[in-house]
Amino acid sequence: MEIKEAIEHVRPHLTQKRFDHTLRVAETAVSLADQYKVSKEKTELAAIFHDYAKYRPLDEMKRWIISSRLPKDLLLYHHELWHGPVGAILIEREFGIKDPDIQLPIQYHTTGRAHMSEIEKVIFLADYIEPGRSFPGIEEVRNMARKDLTHACLLASRNTIQFLMNKKATIYPETFHAYNDLIKQYG
Ligand code: DGI
Ligand code: FE
Ligand code: FE
Ligand code: FE
């Protein structure tokens, strides 16, 4: 699919704010893809679709999780974790995009997972550091993103887990699996 077509499919499903975020994620992701020798075309498509399902009604997302190959334990955790996995399914069903290089980064962009591919790391990180974001410690992650993609993912993952624990949120197992996998490389 051409990027322009993807953008027009996504636009009506997002708020203006979320759409602008999506374009910034795409720009950030393409710059990382260029630096780390990842396919620009696949990166841009994954970025444009990464929050595609963000505003689907909860009962619709629930039905997709029940009726597709997605992990059922998602239903035991916060619904904020559903839009990535559901988006990965929707682009296949609606647009015939059946490519793990595009679907996996979308599926895991919120949590990460163990053994992320380079394109998964690029989307995970771009979503975290795009210029519209302001989290505590984000400048350190932005600087590291220019030096070491995997190490930057570790910093983003660690910050997210600390943030979630501080607000007493439940943490999805894949979120921990991502952190554990990354800290083993940089402990
Ligand atoms: O969709 P975005 O807002 O662009 O960003 P996102 O999909 O990365 O994250 C959405 C939210 O999900 C963010 O506030 C952090 C949160 N999150 C990430 N991992 C977990 C989580 N929330 C819970 N409860 N558990 C997690 O493991
Ligand atoms: Fe998201
Ligand atoms: Fe994220
Ligand atoms: Fe996002």
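Residues numbered from 1 in each chain as written. Chains lettered and ligands numbered in written order. Predicted model: local features only at pLDDT ≥ 70, side-chain atom pairs only at ≥ 80, totals over all residues.

Note the following rule: UniProt positions are given in the numbering used here, feature names are shortened, and annotations may be inferred rather than shown by experiment.
The name given to the chain in an unreviewed UniProt entry is bis(5'-nucleosyl)-tetraphosphatase (symmetrical), and the organism recorded there is Virgibacillus indicus. Heading Catalytic activity (unreviewed entry) of the UniProt record for the chain holds this comment: "P(1),P(4)-bis(5'-adenosyl) tetraphosphate + H2O = 2 ADP + 2 H(+)".

1. Considerations on the overall build of the chain
For clarity, the threshold we go by: Helix and strand assignments follow DSSP, with helices taken as H or I runs no shorter than four residues and strands as E runs no shorter than two, numbered in order from the N terminus. Radius of gyration: C-alpha atoms only; globule rule: 2.2 Å multiplied by the number of residues to the exponent 0.38. With C-beta atoms placed from the backbone, a residue is labelled by how many other C-beta atoms lie within 10 Å of its own: buried for 20 or more, exposed for 12 or fewer, partly exposed between the two. Throughout, a residue-residue contact means that the two C-beta atoms, derived from backbone geometry, are no farther apart than 7 Å.
When helices and strands are counted, the chain shows ten helices and zero strands. Counting helices and strands in the order they occur from the N terminus, the chain gives α-α-α-α-α-α-α-α-α-α. Against the 2.2 N^0.38 benchmark of 16 Å for 187 residues, the chain shows a C-alpha radius of gyration of 15 Å, consistent with a compact globule. C-alpha atoms of the chain, sized along the principal axes, occupy 40 × 35 × 30 Å. By the burial criterion, 39% of the 187 residues in the chain qualify as buried. Expressed as a percentage of contacts within the chain between residues at least 6 apart in sequence, the contacts between residues at least 24 apart total 62%.

2. Notes on helix α2 (residues 16-35)
Using the following cut-off: Expected span of a helix, by definition, is 1.5 Å for each gap between consecutive residues, and there is one gap fewer than residues.
Here α2 contains 20 residues, and its C-alpha end-to-end distance of 29 Å stays within 8% of the 28 Å for a straight helix at 1.5 Å per residue. Taken together, the buried residues of α2 touch α1 (3-10), α3 (40-49), α7 (118-129), α8 (138-145) and α9 (149-166). Following α2 by one or two positions, K37 adopts a phi angle in the positive range, close to 60 degrees.

3. What about the site of ligand 1?
Convention followed: Placing a C-beta atom from the backbone of each residue, we mark the residue near a molecule or strand if the atom is within 6 Å of it. Residues are sorted three ways: Asp, Glu, Lys and Arg are charged, Ala, Val, Leu, Ile, Met, Phe, Trp, Tyr, Cys and Pro are nonpolar, and all the rest, Gly among them, are polar.
Neighbouring ligand 1 are 17 residues, the closest being H78, T110, A169, Y172 and T175. Looking at the shell around ligand 1 residue by residue, the classes come out as five nonpolar, eight polar and four charged.

4. Quick notes on the packing of α1 against α3
Put simply, the rule reads: Structural elements are reduced to axes, namely lines fitted to C-alpha atoms, with helices fitted over the stretch in contact, and the angle between N-to-C directions of any two is expressed from 0 to 180 degrees. Note on terminology: angles under 35 degrees are roughly parallel, angles over 145 are roughly antiparallel, angles of 65 to 115 are roughly perpendicular, and the others are oblique.
Closest axis-to-axis distance for the α1/α3 pair is 9 Å, and the angle between their directions is 10 degrees. Taken together, the axis directions place α1 and α3 in an arrangement best described as roughly parallel. On α3, the residues touching I3, A6, I7 and V10 of α1 are E44, L45, I48 and F49. Its residues assigned to classes, the contact of α1 with α3 shows seven nonpolar, no polar and one charged.

5. What about the nonpolar core?
What counts, and what does not: The term nonpolar core refers to a set of buried Ala, Val, Leu, Ile, Met, Phe, Trp, Tyr and Cys residues connected through C-beta atoms within 7 Å.
Core analysis: the biggest nonpolar cluster contains 47 residues, and A29, F49, V122, L125 and A126 have the highest contact counts within it. In terms of residue count, α7 provides more of this core than any other element does, eight residues in total. Beyond its immediate chain neighbours, meaning those up to four positions away, L125 contacts L32, A145, L149, A152, C153 and A156.

6. Some words on the packing of α3 against α7
The line we're drawing: Throughout, a crossing is termed right-handed when the near helix is turned clockwise from the far one, and left-handed when it is turned anticlockwise from it by less than a right angle.
At a minimum axis distance of 10 Å, the contact between α3 and α7 shows a crossing angle of 45 degrees. When the axes of α3 and α7 are compared, the pair comes out oblique. Read as a crossing pair, α3 and α7 show a hand that is right-handed. For the pair α3 and α7, the contacting residues are K42, T43, A46 and A47 in the first and I119, V122, I123 and A126 in the second.

7. Things to note about the environment of R158
With respect to the helices and strands, R158 occurs in helix α9. Since 17 C-beta atoms lie within 10 Å of it, R158 is described here as partly exposed. It is 6.5 Å that separates the C-alpha atoms of R158 and Y179, two residues lying 21 residues apart in sequence.

8. Quick word on unusual backbone geometry
Of note, K37 is a non-glycine position whose phi angle comes to about 60 degrees, a positive value. Mapped onto the secondary structure, K37 falls in the loop between α2 and α3. Phi is positive for H115, close to 60 degrees, though the residue is something other than glycine. Structurally, H115 can be placed in the loop between α6 (100-107) and α7.

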